[in-house]
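Descriptive structure summary
Chain residues, written in single-letter form:
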Amino acid sequence: MTTPWTEDHMPDQTGRVAIVTGSNSGIGWEAARALANKGATVIMACRSIANANLAADRIKALKPSGKVVGMALDLGDLASVRAFAAAFRQDYHRLDLLINNGGVAKPPYGKTAQGFEQQFGINHLGHFALTGLLLERLDATPGARIVTVSSLSHRSGIVHFNDLNLERNYTPARAYAQSKLANLLFTYELQRRLVAAGRSTLAVAVHPGWTATNALRHSSMMRRLNPIFAQTSKMGVLPTLYAATASDVRGGDYFGPSSLELRGYPKKVESSARSHDEAVARRLWTISEELTQVKYALAPAPVFAEDLP
């Protein structure tokens, strides 16, 4: 990228169908707005239909060339995830973009409807299940992409396989870092399996840097520092929009802000070595299928002798 990439560089999205989870506020809302403004039909998937419709009405007031449709999706309840996916499959026969954006950040300890620690359950397992339930629609759509939003916090993350719910040693930051590392492990493993299966769908990851959003409402320190250091949601969404629409994106790419990965225009960035651990990714994948009861029609990518340590 020789010149800063902005929303204005997005190609026309007319005829494309996109789902944006957690799109009632923050970068999710900005992603839905930008895609609709370029002509896409955008499904605003939010925890309540009331929030989804209010958010959609705000975009409709801007008179976009595309459509916005509110739908209820509670990522903390796998029954809701299944219901959403079934309703979408009934009404739509294509899915060009699945933007796994919704989530929670560093709340007090809580559990999802199925009893998972809520950050792991919502940020990772909810999106893992949603993607698997919609994969057939994605694979049937030429040029489809899955964009999953991670965080710089993934760098301190460890997947605690012996205590995924962190019941023995919970801190909000530790659980958040685990969930954001899981987002990247999932993205890279999904891309490997898509390639091995000969599918054209791309799996890509992004992070928004330091962006002022409601996701960090549980952190009093972040609320105090946001006005000084954080960029706006309209800037923070650019890596997501780039990953979703730019022509030079490749499967397994990871994008973030250009200035110390905290703020600025989007660029390709590197994630931690831990996020590329294929053995951990395969183990997490297997456990995620067991916990969600969503089985992907994708075999593991083959492991060649030269790839072994």
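Structure's up top.
So, here's what we can say about the structure. These numbers come from a predicted model, not from an experiment.

Calculation criteria
Residues numbered from 1 in each chain as written. Predicted model: local features only at pLDDT ≥ 70, side-chain atom pairs only at ≥ 80, totals over all residues. Heavy atoms only, no water. Buried < 20%, exposed > 50% of the residue type's maximum accessible area, 1.4 Å probe, protein only. Helix = DSSP H or I, 4+ residues; strand = E, 2+ residues; numbered from the N terminus. Pairing = 2+ DSSP bridges. Right-handed = clockwise from strand over helix to strand, strands pointing away. Salt bridge = Lys/Arg side-chain N within 4 Å of Asp/Glu carboxyl O. Lys, Arg positive; Asp, Glu negative; His and termini not counted. Polar contact = N/O pair within 3.5 Å; in protein donor to acceptor, adjacent residues only side chain to side chain. Contact = heavy atoms within 4.5 Å. Axes fitted to C-alpha atoms, helices over the stretch in contact; angles between N-to-C directions. Parallel < 35°, antiparallel > 145°, perpendicular 65-115°, else oblique. Left-handed = near helix turned anticlockwise from the far one by under 90°. Core = buried A, V, L, I, M, F, W, Y, C linked by side-chain atoms within 4.5 Å. Expected span 1.5 Å × (residues − 1). Phe/Tyr/Trp six-rings, centres within 6.5 Å; stacked < 30°, edge-to-face > 60°. Lys NZ or Arg CZ within 6 Å of the ring centre and 35° of its normal.

1. Some remarks on the pairing of strand β5 (residues 145–149)
Of all five residues that make up β5, five are buried, and the element is covered over most of its length. Here β5 shows two buried faces, one formed by R145, V147 and V149 and the other by I146 and T148. The pairing of strand β4 (residues 97–100) with β5 spans four bridges and is classified as parallel. From the neighbouring strand, I99 faces β5, where its bridge partner is V147. Note: β5 against strand β6 (residues 202–206), five bridges, orientation parallel.

2. Overview of the pairing of β6
For β6, the tally of buried residues reaches five of five residues, placing the bulk of the element in the interior. Here β6 shows no split at all, with L202, V204 and V206 on one side and A203 and A205 on the other all buried. One crossover worth recording links β5 to the parallel β6 by way of helix α5 (residues 172–196), and it is right-handed.

3. Looking at the pattern of salt bridges
Per the stated rule, a full pass over the model turns up 12 salt bridges. The salt bridge involving E189 is made with R193; its shortest N-O contact spans 2.8 Å. Taken as a pair, E189 and R193 lie in helix α5 at a separation of four residues, close to a single helical turn. Connected via shared salt-bridge partners are E189, R192, R193, E278 and R282.

4. Looking at unusual backbone geometry
Although it is not a glycine, K106 sits at a positive phi angle of roughly 55°. The partly exposed category is assigned to K106, whose relative accessible area is 24%.

5. Quick notes on the side chain of E117
Here E117 is to be found in the loop between β4 and α4 (118–139). Despite being buried, E117 has no salt bridge partner; K111 is the closest side chain of opposite charge, sitting 10 Å away. In this structure the side chain of E117 is engaged in a polar contact, spanning 2.9 Å, whose partner is the backbone nitrogen of Q119. Leave out the neighbours within four places in its chain, and E117 touches Y109, G110, T112, L164, N165, Y170 and A175.

6. So, the packing of helix α3 (residues 78–91) against α4
Running from N to C, α3 and α4 point in directions that differ by 20°, and their axes come no closer than 10 Å. Classified by the angle between their axes, α3 and α4 sit roughly parallel to one another. As α3 runs across α4, the sense of the crossing is right-handed. Between α3 and α4, the contacting residues are L78, V81, R82, F84, A85, F88 and R89 on the first element and L125, G126, A129, L130, L133, L134 and R137 on the second.

7. What about the nonpolar core?
Counting residues in hydrophobic clusters, the biggest one holds 46 residues, and the most contacted among them are I19, F84, L134, L190 and Y296. Mapped onto this core, the elements with two or more residues apiece are β1 (17–21), β2 (41–46), α3, α4, α5 and α9 (278–292). Ignoring any residue separated from it by four or fewer positions in sequence, one finds F84 in contact with I19, I43, A45, M71, A72, L73, L130 and L134.

8. Observations regarding helix α1 (residues 26–37)
Compared with the 16 Å implied by 1.5 Å per residue over 12 residues, the 17 Å span of α1 between its first and last C-alpha is a close match. Looking at α1, one finds that the buried residues are G26, I27, G28, W29, E30, A31, A32, R33, A34, L35 and A36.

9. A look at the packing of aromatic side chains
Counted under the stated rule, the structure contains nine aromatic pairs. Between F128 and W285, the aromatic rings sit 5.1 Å apart at their centres with planes inclined by 80°, giving edge-to-face as the arrangement. Of the two residues, F128 sits in helix α4 while W285 sits in helix α9, which places them 157 residues apart along the sequence. The residues F128 and W285 share a single accessibility class, namely buried. Here the guanidinium or amino end of R58 rests over the ring plane of W29, the centre of that ring lying 4.1 Å away. Of note, R283 hangs over the ring of F161, and the distance from its end group to the ring centre comes to 4.1 Å.

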